[in-house]
Amino acid sequence: MAKAPVLTPQADDFPRWYQDLITKAELADNGPVRGTMVIRPYGYGLWERMQAEMDARIKETGTQNAYFPLLIPQSYLTREADHVEGFAPELAVVTHGGGKELEEPAVVRPTSEMIINASFSKWVQSYRDLPLLINQWANVVRWELRPRLFLRTTEFLWQEGHTAHATYEEARDFAAHIHRQVYEDFMVNVLAMDVVPGRKTVRERFAGAVNTLTLEGMMGDGKALQMATSHELGQNFAKAFNTQYLSKDGRQELVWQTSWGSTTRMIGALVMMHGDDNGLRVPPRLAQIQAVVLAIKGDEAVLAKVRELGDRLKAAGVRVHVDDRTDIPFGRRAVDWELKGVPVRIEIGPRDLENGTAMLARRIPGGKKPVALDALESQLPKVLEEDHALLLRQSRERRESRTAEVSTIDEAVEATGAGGWARIPWAVLGEEGEAKLADHAVSVRCLVAEDGSVPDADDAPGNVAIVARAY
């Protein structure tokens with residue numbers, strides 16, 4: 001009788017596979033309130049690594065971290081019409097506190113443009129106060145009707161950056177810098193994710209922005225996922241909060257602003273882009289555990305060698321975990337680490353010890369081979385870099401092989417229905433065609449120039465629309 005698979009195979013039911021993996025790899029559970037989630041230690045460890053890598057890149061731009069209140073006066077959201085209209089269906093509103101009805105209801109933070117701008121309007125007085133570059137790591141609440149762990153939850157974690165500048169050009173360039181040098185660099189070089197940088201259409205633009213830059217990734221089932229966005233806000237919020245500065249010429253001027261964010265959705269992307277039927281495959285540069293050293297049996301000599309090797313690898317700069325739980329069957333532990341996607345397993349038993357070798361199991365390409373114990377410190381960094389490059393290459397090859405060049409709306413619908421993306425000239429599609437695609441649950445993920453760069457305008461000649469079904 002065939003042994004039942006640990007996970008539902010992707011080909012049989014991709015959403016069920018995703019849910020199985022989230023649960024069995026101990027990433028998260030559903031919270032007690034519909035749409036909320038409990039992020040378990042292994043899942044939170046991934047987020048901590050993401051935070052560390054992102055935070056370093058953000059700070060390199062000169063941006064500083066701060067924290068703003070969770071509760072926002074409801075009246076603040078009415079100051080920018082597009083913004084409140086965009087978020088109204090998702091708001092959670094507090095009407096009572098301390099046993100009494102509040103004089104003014106408070107909105108639980110769905111995003112912080114409004115409350116941060118209230119502070120910016122006080123902090124910015126002169127051109128000497130600019131640029132003002134602020135980021136916060138926080139939670140937000142958006143009442144989600146169709147929740148899915150990590151992808152769409154009522155409460156999630158994120159970073160949100162907010163900046164004020166003296167000129168439109170400075171704000172535009174800063175938003176673009178965040179888009180490419182912070183977000184894209186992180187996703188390619190740490191998450192090993194192939195992403196497409198582009199410009200959102202007016203229909204898909206962030207509420208209250210004049211331009212939104214996005215990074216779109218293709219998941220294992222061919223659907224798209226918006227990974228991070230960077231917005232040019234123009235002067236919309238500056239007008240709403242009268243955020244002005246005294247220029248060098250002695251004139252009162254409104255500031256130009258940006259906002260930008262990335263969320264715990266990236267953990268869901270990690271699962272769907274890199275995972276396979278055996279579980280997660282965590283990129284080595286991200287992994288909080290790059291290598292796990294397993295004792296096959298509770299032999300004292302084996303246990304001593306496993307712990308010694310763990311110390312040696314740690315000293316060599318490898319993020320390592322020693323698994324000496326020999327009261328748990330070895331097979332069960334090996335499957336568990338495979339589910340969790342640890343890039344490398346180093347397995348040592350009495351026979352390996354006699355031979356002076358360990359069994360090196362590589363999660364990302366698969367396969368096992370014996371390696372001399374004395375060679376592990378020198379070989380492991382190379383192996384980890386090879387496997388990172390392989391994940392990135394596989395994600396790029398998937399997108400390229402499953403993206404069709406089309407010239408009609410019908411062809412675009414057919415291509416996306418077959419589990420892929422389509423590229424269609426924006427001049428052919430246009431806003432009318434975009435609305436027709438929406439009738440088929442297909443959206444324009446972004447606009448790109450003919451050469452793959454990010455266009456300067458929605459209607460720039462040669463713009464190409466990347467269209468897909470999306471999460």
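On a predicted model such as this, the values are computed, not experimentally measured, just so you know.

(A) The packing of helix α1 (residues 14-24) against helix α8 (residues 265-274), seen in detail. Close contact between α1 and α8 brings their axes to 11 Å; oriented N to C, the two are set at 120°. Between α1 and α8, the interaxial angle falls into the category oblique. Both α1 and α8 take part in a crossing whose hand is right-handed. Residue-level contacts link Phe14, Trp17, Tyr18, Leu21 and Ile22 of α1 to Gly268, Val271 and Met272 of α8. Looking at side-chain class alone, the contact of α1 with α8 contains 7 nonpolar, 1 polar and no charged residues.

(B) Structural view of the packing of aromatic side chains. Taken as a whole and assessed by the stated rule, the structure comprises 8 aromatic pairs. Relative to Trp17, the ring of Phe14 has its centre 5.0 Å away and its plane inclined at 40°; by these criteria the two rings are tilted. Of this pair, Phe14 and Trp17 both sit in helix α1, 3 residues apart, which is roughly one turn of that helix. Both residues of the pair, Phe14 and Trp17, count as buried.

(C) Quick peek at the sheet that holds strand β6 (residues 100-108). Pairing is antiparallel in the open sheet, where 3 strands are placed in the order β4-β6-β5. Across the chains shown, the open sheet's two edge strands, defined by having one partner strand only, are β4 (71-73) and β5 (93-97). Averaged over all neighbouring strand pairs, the angle between strand axes comes to 50°, with direction disregarded. Relative to β6, β5 is paired through 4 bridges, and the arrangement is antiparallel.

(D) Summary view of the pattern of salt bridges. Per the counting criterion, the structure on display carries 32 salt bridges. Notably, a salt bridge pairs Asp173 with Arg172, separated by 3.0 Å at the nearest N-O pair. Across the salt bridge formed by Glu347 and Arg345, the nearest N and O atoms sit 3.0 Å from each other. The residues Glu347 and Arg345 share a single accessibility class, namely buried.

(E) Geometry of the sheet that holds strand β19 (residues 368-372). In spatial order, the strands read β16-β15-β17-β18-β19; together these 5 strands make up an open sheet with mixed pairing. Where the open sheet ends on each side, the last strands, each with one partner, are β16 (320-323) and β19. Each neighbouring strand pair of the sheet contributes to a mean axis angle of 25°, computed without reference to strand direction. Contacts between helix α10 (residues 330-340) and the sheet are confined to β15 (291-295), β16 and β17 (344-348), with β15 contributing the most and set at about 175° to the helix. Helix α12 (residues 376-401) rests against β15, β17, β18 (357-362) and β19 of the sheet, and its axis sits at about 10° to β18.

Definitions and cut-offs
- Counting from 1, residues in each chain are numbered in the order their sequence is written.
- The predicted origin of the model limits local features to residues at a pLDDT of at least 70 and limits the giving and counting of side-chain atom pairs to 80 or more, whereas totals for whole chains, interfaces and linings rest on all residues.
- Water and hydrogen atoms play no part in the side-chain values, which are based on all heavy atoms of the structure.
- Here an angle of 0 to 180 degrees is reported between the N-to-C directions of two axes, which are lines fitted to C-alpha atoms, with helices fitted over the stretch in contact.
- Each helix is a run of H or I in the DSSP string that is no shorter than four residues. Each strand is a run of E no shorter than two, and both are numbered from the N terminus.
- Angular relationships are summarised with four words: roughly parallel below 35 degrees, roughly antiparallel beyond 145, roughly perpendicular across 65 to 115, and oblique for the angles in between.
- With the far helix as reference, a near helix turned anticlockwise by less than a right angle produces a left-handed crossing, and one turned clockwise produces a right-handed crossing.
- What makes two residues a contact is simply this: any of their non-hydrogen atoms within 4.5 Å.
- Side-chain classes are defined by residue name, with Ala, Val, Leu, Ile, Met, Phe, Trp, Tyr, Cys and Pro counting as nonpolar, Asp, Glu, Lys and Arg as charged, and the others, Gly among them, as polar.
- Note on ring pairs: Phe, Tyr and Trp rings are taken, using the six-membered ring of Trp, and paired if centres are within 6.5 Å. Classes follow the plane angle, with under 30 degrees stacked, over 60 edge-to-face and the rest tilted.
- Note on exposure labels: buried denotes an accessible area under 20% of the residue type's maximum, exposed denotes more than 50%, and partly exposed covers the range between, all computed with a 1.4 Å probe on protein chains only.
- At least two DSSP bridges between two strands are required for those strands to pair.
- Basic side-chain nitrogens of Lys or Arg form a salt bridge, by our definition, when they fall within 4 Å of a carboxyl oxygen of Asp or Glu.

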